[in-house]
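Geometric and topological summary
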Amino acid sequence: MDLTLLYRGPLESCDYDCPYCPFAKRRDSPERLRADRAALERFTGWVAAQTGDELSVLCTPWGEGLVRSWYRRALVELSRLPHVRRVAIQTNLSCRTDWLAAADLDRLALWCTYHPGQTPYDRFLAKCHQLTRMGVRYSVGIVGLPEHLEAAQRLRAELPERVYLWVNAAEGRSYADPEAERWTDLDPLFPYSRRPHRSAGLPCRTGESVLSVDGAGTVRRCHFVRTELGNLYDGSYRRALAPRACPLAVCDCHIGYVHLETLPLYDVFAGGVLERVPAAEVPALRRAGSPGATPRTTGPHAPPVTDSERIET
Ligand code: SF4
Ligand code: SF4
């Protein structure tokens, strides 16, 4: 079986204090940290034992995982398993990078986010250059707030061309066309993020080939639909795997809508769906034209919701 697992354990703490994040500077108790470590080690052990499956894993902690030794260790261990195609994690890149030398870099990848105001620009850029020198596969992103535009422009100019810079629409923010165009100049795929995607009743790979797993092993189709499909560790989730339509009105987060079958994102990100690395480099994406230039109102593509219809999820 070919499965993608989105893992999120109990960890909630972060070393950063982003004004747009509910997990900013949250502290985990020692008990919670111990539980998080035990949960991740259990998950890693389970993955290691599934030698009959092909697995891909994206760790999506609420807080920052890579400042904890057990996340670094898990990423290295998982990357060295022959039946793991890809292991990736969302990170603010505040961690050291030397540990990556022990990983299989054909399988490990990083989804890095730059948070202006939390770390000096030059320090973040230097980390990116270290990753490039080490041969680590990674994407870099930023939240599309006006006060981030200058840093995003610098990053785009100073990162290697083959490193994809993505821009996430800020939660609750509507983008008028001139502003959206500025972000699209930096990230040709920004139109996918600009508005939530209508998803009600549309086929989505989650629940069949993509699953969300929490620290207790509870399996759900994705992080946003709370219905439980079973448990990873007793095998009960397997009986529940089936094609399913999305039960929610909209899907507003890349780690969700990338799996919508009505969007072409498995082709756009072929080979890099988890770490958000497109198959084509940015100049080729630009030449292909922005997806926003083609109204997604016909064929299998559902139209994105308009700003006046925007619903927060
Ligand atoms: S780095 Fe991420 S988890 Fe930490 S405060 Fe910022 S947005 Fe939240
Ligand atoms: S479209 Fe989004 S919310 Fe709906 S099932 Fe898929 S990932 Fe979950």
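In this text the structure is predicted, and so the values were computed from the model without any measurement. (Residues numbered from 1 in each chain as written. Chains lettered and ligands numbered in written order. Predicted model: local features only at pLDDT ≥ 70, side-chain atom pairs only at ≥ 80, totals over all residues.)

1. Observations concerning the overall build of the protein chain
Scanning the protein chain for helices and strands turns up nine helices and 13 strands. In summary, the protein chain has a C-alpha radius of gyration of 19 Å against a globular reference of 20 Å for 313 residues, a match within 12%. Along the longest, intermediate and shortest principal axes, the C-alpha atoms of the protein chain span 50 × 45 × 35 Å. Going through the 313 residues of the protein chain one by one, you find that 40% of them count as buried. In the protein chain, once contacts between residues fewer than 6 apart in sequence are set aside, the share between residues at least 24 apart is 68%. (Helix = DSSP H or I, 4+ residues; strand = E, 2+ residues; numbered from the N terminus. Rg over C-alpha atoms; globule rule 2.2 N^0.38 Å. Buried ≥ 20, exposed ≤ 12 C-beta atoms within 10 Å, placed from the backbone. Contact = placed C-beta atoms within 7 Å.)

2. Some points on the site of ligand 2
Near ligand 2, the surroundings consist of 14 residues, among which Cys-204, Cys-222, Cys-246, Cys-251 and Gly-256 are the closest. In the shell around ligand 2, the residues fall into nine nonpolar, four polar and one charged. (Near = placed C-beta within 6 Å. Nonpolar A, V, L, I, M, F, W, Y, C, P; charged D, E, K, R; others polar.)

3. Focus on the site of ligand 1
The environment of ligand 1 is formed by Cys-14, Tyr-16, Cys-18, Cys-21, Phe-23, Ala-24, Gly-63, Glu-64, Asn-92 and His-115. By residue class, the composition of the shell around ligand 1 is six nonpolar, three polar and one charged.

4. Some details on unusual backbone geometry
For Leu-93, which is not glycine, the phi dihedral falls at a positive 65°. Considering the arrangement of structural elements, one finds Leu-93 in the loop between β3 (84-91) and β4 (108-113).

5. Here we look at helix α3 (residues 121-134)
Under the 1.5 Å per step criterion, the end-to-end length of α3 is 20 Å for 14 residues, consistent within 8% with the ideal 20 Å. Among all positions in α3, only Phe-124, Lys-127 and Cys-128 are buried. An end-on view of α3 places all buried positions within 100° of arc, on one side of the element. Every exposed residue of α3 that faces more than 90 degrees away from the buried side is listed here: Asp-122, Arg-123, Ala-126 and Arg-133. As for α3, its buried residues are in contact with β5 (137-144). The positive-phi residue at the C-terminal boundary of α3 is Gly-135, with phi of around 80°. (Expected span 1.5 Å × (residues − 1). Arc of directions from axis to C-beta.)

6. Regarding the sheet that holds strand β9 (residues 210-214)
Ordered in space as β6-β5-β4-β3-β2-β1-β9-β10-β11, the nine strands form an open sheet in which the pairing is mixed. The sheet is open, and its two borders are formed by β6 (165-169) and β11 (228-231), each paired with just one other strand. Going across the sheet, the axis of each strand differs from the next one's by a mean of 25°, ignoring polarity. With two bridges connecting them, β9 and strand β10 (residues 218-220) associate as antiparallel partners. Each bridged residue has a counterpart across the sheet, and for Val-213 the counterpart in β10 is Val-219. (Pairing = 2+ DSSP bridges. Axes fitted to C-alpha atoms, helices over the stretch in contact; angles between N-to-C directions.)

7. Looking at the nonpolar core
Formed by 70 residues in total, the largest nonpolar core has its most connected members in Leu-6, Val-57, Leu-75, Ala-88, Ile-89 and Val-213. Sort the elements by how many residues they give to this core and β4 lands first, with five residues. Ala-88 has contacts with Leu-58, Ala-109, Leu-110, Trp-111, Leu-274 and Glu-275, leaving out every residue within four places of it along the chain. (Core = buried A, V, L, I, M, F, W, Y, C linked by C-beta atoms within 7 Å.)

8. Considering the pairing of β6
Bridge count for β5 against β6 is five bridges, and the pairing is parallel. What sits directly across from Val-140, in β6, is Leu-165.

9. Comments concerning the environment of Leu-241
Note on placement: Leu-241 falls in the loop between β11 and β12 (244-245). With 75 residues separating them in the primary sequence, Leu-241 and Trp-166 have C-alpha atoms 31 Å apart.

10. Observations regarding the environment of Cys-251
For Cys-251, the position within the fold is in strand β13 (residues 250-251). As a C-alpha pair, Cys-251 and Pro-196 span 55 residues in sequence and 5.7 Å in three-dimensional space. Discounting residues that sit within four places of it in the chain, Cys-251 has contacts with Pro-196, His-197, Ser-199, Cys-246, Gly-256, Tyr-257 and Leu-260.

11. Remarks on the pairing of β5
Here β5 lies mainly inside the structure; seven of its eight residues are buried. Across five bridges, the pairing between β4 and β5 is parallel. In the strand pairing of β5, Thr-113 is matched with Gly-141. Handedness of the crossover joining β4 and β5 through α3 is recorded here as right-handed. Where the polypeptide runs from β5 across helix α4 (residues 149-158) and back to β6, its parallel neighbour, the crossover connection is right-handed. (Right-handed = clockwise from strand over helix to strand, strands pointing away.)

12. Considerations on the confidence of the model for the protein chain
When pLDDT is averaged across the protein chain, the result is 92; 93% of the residues are at 70 or more. Of the regions scoring below 50 in pLDDT, residues 293-313 engages in 38 contacts with residues more than four places distant in sequence or in other chains. (pLDDT = per-residue confidence, 0-100.)

13. What to know about helix α1 (residues 30-49)
With 20 residues, α1 extends 29 Å from end C-alpha to end C-alpha; this agrees with the ideal 28 Å at 1.5 Å per step. All of the buried residues along α1 are Asp-36, Arg-37, Ala-39, Leu-40, Phe-43, Thr-44 and Val-47. Projected down its long axis, α1 shows its buried positions confined to an angular sector of 165°, all on one face. Exposed side chains of α1 directed beyond 90 degrees from the buried face belong to Pro-30, Glu-31, Gly-45 and Ala-49. On the buried face of α1, the contacting elements are β1 (2-8), β2 (54-59), α2 (69-79), β3 and β9.

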